[in-house]
Amino acid sequence: VQLVESGGGLVQAGGSLRLSCAASGRTFSIYAMGWFRQAPGKEREFAAAISWSGGRIVYANSVKGRFTISRDNAKNTVYLQMNSLAPEGTAVYYCAARGGVVTTQPDEYDYWGQGTQVTVSS
């Protein structure tokens with residue numbers, strides 16, 4: 001599975017961005033998908049994940065109520081709508097796929113994209 005993120009950029013605090021992750025290769029619909037982020041000098045951290053059917057969704061407490069993860073299996077794409085962004089949200093955002101149930105642990109994901117930079121100015 002190849003994953004390509006897009007939609008990052010520079011946004012002011014309080015603004016919104018929608019990230020997309022397009023998948024190609026093996027059947028996208030069988031994979032659980034996750035979004036992670038990594039700020040400079042910090043470890044990669046979980047943001048959100050969605051099951052293959054969309055029936056199970058998990059958010060990190062830090063983004064709950066502000067971020068929404070969704071997927072369109074017909075388009076082989078997963079999305080992350082980010083609202084009320086804060087400067088602490090500045091990071092490289094990665095999408096990831098795994099052939100199993102939803103998990104928040106990055107080392108349990110099998111495939112990763114290259115990441116897209118999100119910068120939130122104060």
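If you're wondering where the values come from, they're calculated on a predicted model, not measured in any experiment. (Residues numbered from 1 in each chain as written. Predicted model: local features only at pLDDT ≥ 70, side-chain atom pairs only at ≥ 80, totals over all residues. Heavy atoms only, no water.)

Asker: What exactly am I supposed to notice about the pairing of strand β11 (residues 116-121) here?
Answerer: Alternating positions in β11 separate cleanly, Thr116, Val118 and Val120 being buried on one face and Gln117, Thr119 and Ser121 remaining unburied on the opposite face. With four bridges connecting them, strand β2 (residues 9-12) and β11 associate as parallel partners. Within β11, the residue paired with Gln12 across the bridge is Ser121. Bridging between strand β9 (residues 91-98) and β11 involves three bridges; their strand directions are antiparallel. Across the sheet, the residue bridging to Tyr93 is Thr116, located in β11. (Buried < 20%, exposed > 50% of the residue type's maximum accessible area, 1.4 Å probe, protein only. Helix = DSSP H or I, 4+ residues; strand = E, 2+ residues; numbered from the N terminus. Pairing = 2+ DSSP bridges.)

Asker: Looking at this structure, how should I read the state of the cysteines?
Answerer: Chemically, a disulfide is nothing more than a covalent bond linking the sulfur atoms of two cysteines. Tallied over the entire structure, the rule returns one disulfide. Linked covalently through their sulfurs, Cys21 and Cys95 form a disulfide whose S-S length is 1.9 Å. Across the S-S bond of Cys21 and Cys95 the torsion is about 45°, and the bridge reads as right-handed. Here the residue Cys21 occupies a position in strand β3 (residues 17-24), and Cys95 occupies one in strand β9, the gap between them amounting to 74 residues. For the pair shown, Cys21 and Cys95 are each scored as buried. (Disulfide = S-S within 2.5 Å.)

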